[in-house]
Amino acid sequence: LRKNPVPLVYTRHTSRFLALWIFLLPLALVHDLQGSLLMVPVASLVAIFFLGIEELGVQIEEPFSILPLEHYVESIEKDLRQMFKFETDQLGFAEEDPII
């Protein structure tokens with residue numbers, strides 16, 4: 001999964017489509033808001049909301065760039081080494097005997 005990220009074309013396409021939709025939103029709101037200046041904050045809030053959702057989608061599609069996986073792997077490796085060391089001490093194996 002880490003070596004096969006979401007294609008860049010897909011991410012670019014969704015971003016461009018969203019930008020076009022946000023750009024055309026004020027034209028759709030002109031009739032409902034009767035051309036008032038309230039259109040600016042309404043369109044801005046909708047744009048911020050949808051751009052935030054799009055950014056969350058990008059982060060969820062590629063979680064390996066935001067998760068501290070190296071830390072998790074090192075912690076698991078340390079715990080496993082401690083478990084194997086404890087078991088070898090209990091069973092009486094020499095430390096040089098390969099277990100893994």
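Computed from a predicted model, the values in this text were never measured in an experiment.

## Describing the pattern of salt bridges
So, step 1. In the structure shown here, the tally under the stated rule is one salt bridge.
So, step 2. The partner of Glu77 in a salt bridge is Arg81, with the nearest N and O atoms 3.1 Å apart. Pair noted here: Glu77 and Arg81 are both in helix α3 (residues 69-91), with a separation of four residues, about one helical turn.
So, step 3. A relative accessible area of 38% means that Glu77 is categorised as partly exposed.

## Some remarks on the environment of Thr11
So, step 1. Here Thr11 is to be found in helix α1 (residues 8-32).
So, step 2. Each C-alpha atom, one on Thr11 and one on Gly57, is 9.5 Å from the other, the two residues being 46 residues apart in sequence.

## Looking at the confidence of the model for the protein
The predicted coordinates of low-pLDDT regions are not to be read in fine detail.
So, step 1. Here the protein averages 81 in pLDDT, and 75% of its residues register 70 or above.
So, step 2. Confidence scores differ between elements of the protein, with α3 showing the lowest mean pLDDT of 80 and helix α2 (residues 39-61) the highest of 90.

## Looking at a nonpolar patch on the surface
So, step 1. On the surface, Phe17, Trp21, Phe49, Phe50 and Ile53 cluster together to form a nonpolar patch covering roughly 520 Å² of accessible area.
So, step 2. At the level of elements, α1 and α2 are the ones that each hand at least two residues to the nonpolar patch.
So, step 3. For Trp21, the location among the structural elements is in helix α1.

## What about α2?
So, step 1. Between the first and last C-alpha of α2 there are 33 Å, a value that for 23 residues agrees with the 33 Å anticipated at 1.5 Å per step.
So, step 2. Among all positions in α2, only Met39, Ala43, Ala47 and Glu54 are buried.

## Observations regarding the packing of α1 against α2
So, step 1. At their nearest, the axes of α1 and α2 sit 10 Å apart, and the two run at 165° to each other. Comparing the axis directions of α1 and α2 gives the class roughly antiparallel. The way α1 lies across α2 gives a crossing that is right-handed. Contacts between α1 and α2 pair Tyr10, Thr11, Thr14, Ser15, Leu18, Trp21, Ile22, Leu25, Pro26, Leu29 and Val30 from the former with Met39, Val42, Ala43, Val46, Ala47, Phe50, Leu51, Glu54, Val58 and Glu61 from the latter.
So, step 2. Looking at the contact of α1 with α2 residue by residue, the classes come out as 16 nonpolar, three polar and two charged.

Definitions and cut-offs
Residues numbered from 1 in each chain as written. Predicted model: local features only at pLDDT ≥ 70, side-chain atom pairs only at ≥ 80, totals over all residues. Heavy atoms only, no water. Salt bridge = Lys/Arg side-chain N within 4 Å of Asp/Glu carboxyl O. Helix = DSSP H or I, 4+ residues; strand = E, 2+ residues; numbered from the N terminus. Buried < 20%, exposed > 50% of the residue type's maximum accessible area, 1.4 Å probe, protein only. pLDDT = per-residue confidence, 0-100. Patch = residues over 30% accessible without salt bridge, like charges linked within 9 Å, V, L, I, M, F, W, Y side chains within 5 Å. Areas by Shrake-Rupley, 256 points an atom, 1.4 Å probe, with all protein chains shown as cover. Expected span 1.5 Å × (residues − 1). Axes fitted to C-alpha atoms, helices over the stretch in contact; angles between N-to-C directions. Parallel < 35°, antiparallel > 145°, perpendicular 65-115°, else oblique. Left-handed = near helix turned anticlockwise from the far one by under 90°. Contact = heavy atoms within 4.5 Å. Nonpolar A, V, L, I, M, F, W, Y, C, P; charged D, E, K, R; others polar.

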